[in-house]
Amino acid sequence: MMLWRVCANSLPTGDKFGSGSETLCPLCKSDTETPWHLFVKCPFASALWFASPLPLRVNALPCVDMVDFISDLCNNTNPEMRTSILICAAATFETIWNYKNQVIHSPSDIQPCINRALFSVFNRFHEMTPKDSSCSRMATPSIEPPPSLSIPTV
Ligand SMILES: [Zn+2]
């Protein structure tokens, strides 16, 4: 569902509903919050992709929009790898979206924390990966969220 919402440009990003400074990406505050920026081009997103279960240098991909991005990721892959890539994309998109909402709605100023977000991506990736898949046997990095922070389950 998250993949569809991102690719269909149906999420309420700042470019659609914000005005003035509300249109800025809440994670980096350096560009307009569009799906393309938030999920791929944002420095926070690129760092997350690079450290994700299927590490990617997203800025090296020649794509220009979300549909191209997913298409490029899945090009020339076998069905099992394609499934893992789509699960990784869904986990990464979901984490970025939830994390962005936490930053927006937090009563205090929370700073984007890549380790906490990465912990969520790996958890969701393993939850969504079929248990008999070769990717389900991938090692989870020894990343622990900071002890003072809890990660809400969705
Ligand atoms: Zn950004």
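Definitions and limits used
Residues numbered from 1 in each chain as written. Predicted model: local features only at pLDDT ≥ 70, side-chain atom pairs only at ≥ 80, totals over all residues. Core = buried A, V, L, I, M, F, W, Y, C linked by C-beta atoms within 7 Å. Buried ≥ 20, exposed ≤ 12 C-beta atoms within 10 Å, placed from the backbone. Helix = DSSP H or I, 4+ residues; strand = E, 2+ residues; numbered from the N terminus. Contact = placed C-beta atoms within 7 Å. Arc of directions from axis to C-beta. Axes fitted to C-alpha atoms, helices over the stretch in contact; angles between N-to-C directions. Parallel < 35°, antiparallel > 145°, perpendicular 65-115°, else oblique. Left-handed = near helix turned anticlockwise from the far one by under 90°. Nonpolar A, V, L, I, M, F, W, Y, C, P; charged D, E, K, R; others polar. pLDDT = per-residue confidence, 0-100.

Before going further, it helps to spend a moment on the nonpolar core. Formed by 30 residues in total, the largest nonpolar core has its most connected members in F39, A45, L48, I96 and V121. Counting residues per element, the ones that place at least two in this core are α3 (35-41), α4 (43-50), α5 (66-74), α6 (79-105) and α7 (114-128). In terms of residue count, α6 provides more of this core than any other element does, seven residues in total. Beyond its immediate sequence surroundings of up to four residues, L48 is in contact with T92, I96, I114, A117, L118 and V121.

Taken residue by residue, α4 has F44, A45, L48 and W49 as its buried positions. Viewed along the axis of α4, the buried residues span an arc of 130°, placing them on a single side of the element. Contact partners of the buried residues in α4: α3, α6 and α7.

Here we take up unusual backbone geometry. Unlike most non-glycine residues, N9 shows phi in positive territory, near 60°. Mapped onto the elements, N9 comes out in the loop between α1 (2-7) and α2 (14-17). Within the chain, K29 stands out as a residue other than glycine whose phi angle is a positive 55°. Mapped onto the secondary structure, K29 falls in the loop between α2 and α3. Given 9 C-beta atoms within 10 Å, K29 falls into the exposed group.

The subject of this paragraph is the packing of α4 against α7. Between α4 and α7, the least distance of the axes is 10 Å, while the angle of their chain directions is 50°. The angle between the axes of α4 and α7 places the two elements in the oblique class. Two packed elements cross with a definite hand, and for α4 against α7 that hand is right-handed. The segment α4 lies against α7, with F44, A47 and L48 engaging I114, A117, L118 and V121. Residues belonging to the contact of α4 with α7 are distributed by class as follows: seven nonpolar, no polar and no charged.

Put simply, α6 and α7 touch, their axes get as near as 8 Å, and they point 140° apart. With respect to each other, α6 and α7 are oriented oblique. Where α6 crosses over α7, the handedness of that crossing is right-handed. Here I87, C88, A90, A91, T92, E94, T95 and Y99 of α6 come into contact with α7, specifically with A117, S120, V121, R124, F125 and M128. Residues that form the contact of α6 with α7 fall into these classes: nine nonpolar, three polar and two charged.

For the rest of this paragraph, the subject is α5. Within α5, burial applies to M66, F69 and L73. The buried residues of α5 occupy an angular sector of 55° when the element is viewed end-on, so they sit on one face. Residues of α5 that are buried sit in contact with α1, α3 and α6.

If you trace the backbone, F39 turns up in helix α3. Taking the C-alpha atoms as reference points, F39 and T92, separated by 53 residues in sequence, lie 8.1 Å from one another.

Below, the discussion takes up the confidence of the model for the chain. Residue-level pLDDT values for the chain average 84, and 85% of them are 70 or greater. For residues 147-151, every residue scores under 50 in pLDDT, and the model assigns this stretch five contacts once sequence neighbours within four places are set aside.

The next subject is the environment of F69. Relative to the elements of secondary structure, F69 occurs in helix α5. Under the C-beta neighbour-count criterion, F69 is labelled buried, with 20 such atoms within 10 Å. Note: C-alpha distance between F69 and V58 (eleven residues apart in sequence) is 8.7 Å. Once you skip the residues sitting within four places of it in the chain, F69 turns out to touch V40, L61 and C63.

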